[in-house]
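For reference, the chains in residue letters:
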Amino acid sequence: MALAIRVLDLLRVLSIISFLVFLHFLQKTDAQVLIPQVPTLMKCKFDKIYQLGDSLSDTGNFIRESLVGAFSPFAKLPYGENFFQNESTGRCSDGLLMIDFIALECGLPLLNPYKDQNGNFTHGANFAVAGATALPAEIMAEKKISNSLTNSSLNVQLDWMSSHFKSACSTECSEDLKKALFLVGEIGGNEFNYGLLQGKPMEELRAMVPEVVQTIINAVKTIIGFGAVRIVIPGNFPIGCIPNLLTTFLTNNSTAYDYNHCLKDLNHLAILYNDHLQQVIQELKKGHPNIALVYGDYYNAYLWLLKNAASLGFDKNSLLKACCGIGEKYNYDKSRICGAPGLQICTDPSTYISWDGIHLTQQAYKWLARWLIDDMLPKLKCQA
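The structure displayed is predicted, hence computed values, not measured ones.

J.: Please give an account of the sheet that holds strand β1 (residues 48-52) that cites residues and values.
T.: Taking strand neighbours across the sheet as the criterion, the 5 strands line up as β2-β1-β3-β4-β5 in an open arrangement whose pairing is parallel. Each edge of the sheet is formed by a strand with only one pairing partner; in this case those strands are β2 (124-126) and β5 (292-296). Each strand axis lies, on average, 20 degrees off the axis of its neighbour in the sheet, ignoring direction. Judged from the 5 bridges that link them, strand β4 (residues 230-234) and β5 form a sheet pairing that is parallel. Note on β5: the bridge partner recorded for I233 is Y295. The sheet contacts of helix α6 (residues 154-168) involve β1, β2 and β3 (180-184), and relative to β1 the element is tilted by about 155 degrees.

J.: Give me helix α10 (residues 264-287): which residues, what numbers.
T.: Spanning 24 residues, α10 covers 35 Å between terminal C-alpha atoms, matching the ideal 34 Å at 1.5 Å per step. Taken residue by residue, α10 has L266, N267, L269, A270, Y273, N274, L277, V280, I281 and L284 as its buried positions. In this structure, the buried side of α10 is in contact with α7 (189-197), α8 (202-226), β4, α9 (243-248), β5 and α11 (298-307).

J.: Tell me about the state of the cysteines, residues and numbers included.
T.: Summed over the entire model, instances satisfying the criterion amount to 4 disulfides. Across a sulfur-sulfur distance of 2.1 Å, C241 and C262 are joined as a disulfide pair. Residues C241 and C262 are joined by a disulfide whose S-S torsion is about 110 degrees; by sign, that bridge is right-handed. Here the residue C241 occupies a position in the loop between β4 and α9, and C262 occupies one in the loop between α9 and α10, the gap between them amounting to 21 residues. Residues C241 and C262 agree in their burial class; the two are buried. Covalently, C323 is tied to C346 through a disulfide, its sulfur atoms 2.0 Å apart. Taking the sign of the torsion about the S-S bond as the criterion, the disulfide between C323 and C346, at about -90 degrees, is left-handed.

J.: Please provide a residue-by-residue account of the packing of aromatic side chains, values included.
T.: In total, this model carries 12 aromatic pairs according to the counting rule given. Measuring from ring centre to ring centre gives 5.9 Å for Y79 and W355, while their planes differ by 80 degrees; the resulting arrangement is edge-to-face. Separated by 276 residues along the polypeptide, Y79 in the loop between α3 (67-70) and α4 (98-105) and W355 in the loop between α11 and α12 (362-376) bring together distant segments of the chain. Each member of the pair, Y79 together with W355, is buried. Residues Y114 and W160 carry aromatic rings whose centres are separated by 5.6 Å and whose planes lie at 25 degrees to one another, so their mutual orientation is stacked.

J.: Pulling in residues and values, what's your account of empty space enclosed by the protein?
T.: Counted according to the given criterion, the structure contains 3 cavities of 30 Å³ or more. As for the largest cavity, its lining consists of M98, I102, L183, V232, P234, G296, Y298, A369, L372 and M376. Of all elements in the fold, only α4, β4 and α12 reach the threshold of two or more residues within the lining of the largest cavity. The greatest single-element share of the lining of the largest cavity, amounting to 3 residues, is contributed by α12. Tallied by class, the residues present in the lining of the largest cavity amount to 9 nonpolar, 1 polar and no charged.

J.: So what about the environment of G327? Which residues, and what values?
T.: Considering the arrangement of structural elements, one finds G327 in the loop between α11 and α12. On the basis of relative accessibility, which here comes to 32%, the residue G327 falls in the partly exposed class. Sequence-wise, G327 and I337 are 10 residues apart; in three dimensions their C-alpha atoms are separated by 9.9 Å.

Cut-offs used in this document
Residues numbered from 1 in each chain as written. Predicted model: local features only at pLDDT ≥ 70, side-chain atom pairs only at ≥ 80, totals over all residues. Heavy atoms only, no water. Pairing = 2+ DSSP bridges. Helix = DSSP H or I, 4+ residues; strand = E, 2+ residues; numbered from the N terminus. Axes fitted to C-alpha atoms, helices over the stretch in contact; angles between N-to-C directions. Contact = heavy atoms within 4.5 Å. Expected span 1.5 Å × (residues − 1). Buried < 20%, exposed > 50% of the residue type's maximum accessible area, 1.4 Å probe, protein only. Disulfide = S-S within 2.5 Å. Phe/Tyr/Trp six-rings, centres within 6.5 Å; stacked < 30°, edge-to-face > 60°. 1 Å grid on protein atoms, 1.4 Å probe; cavity = no way out; pocket = protein on both sides within 12 Å on 5 of 7 lines; lining within 4 Å. Points joined across faces, edges and corners; volume = space filled by probe spheres on them. Nonpolar A, V, L, I, M, F, W, Y, C, P; charged D, E, K, R; others polar.

Right, dumping it as structure tokens:
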């Protein structure tokens, strides 16, 4: 037993050393990633992380699961160009995502995508898929909202997780998972994104909110059944601030915009969704007092980023513009998206919040992760 403990201690020390070496490399990248020398999440002593979600957290499943993904822009440069030594990994950004920064703050390696047949899953796995919805594909079809990217909705990802645990654990995984961090999303946003872009009326989308939220909560209950004791359930961004939707719903009516020049109606939809999600999380807590169920406040993290963007090094004149794209006001055109031949990229992505008009830059994800970690850490009930 003593030998086993010494081996575990040695492995943790090696992990920290690897982290610091990796940190040194990160600080030399073009994106100028800055992470605290002593990662705050290490006090939680997580040994694994499991991620469910969509393109905000997919580290390579989409480009592996089908030909659609394999030939998508996410599978090639310029995606990933500012971190992964000029090699795309399937991340929908110019570099790292929030889940990557969270893993680093835990002193753990970056999560491999579940669909990577050669991946090392000793420290967890990423089941997120770009384009995924919380609602199953058949329900989306009933609502006449199409998803041409993937059928790997939340229930499919849960099936993958269940299969993974069955193969990874010789017996029940529940005891092993007590030191794991689970992130259920962000997911559920694509239902509304697809609906908006396909012309669904706002009333119909608002009516979908309880069903989407309940699907996510059911997934959380399943994960608790697996043995999870620390679970983060993120909400949605202020979608009225995202360049592709700003472009789609561009209007000359100045009253449609708020003080951040974001579309009020779209942000109100996100607020409705987030409020409902938080209410249901609170209800779930009553039945699981020993489980840390933490709401990930993506909405307020994003507003904080906009408010402090200039002091964080972002170009104040480009806060709502895409770095990789083309278009007059928001640098986004759905007919010529990032990755299209001949498309120009901004000189310095680290000064932009939006990477491609839909997803964010590595620098934006870094600061969002910093805010979220500081907000969530006390709620995770980790021992000091």
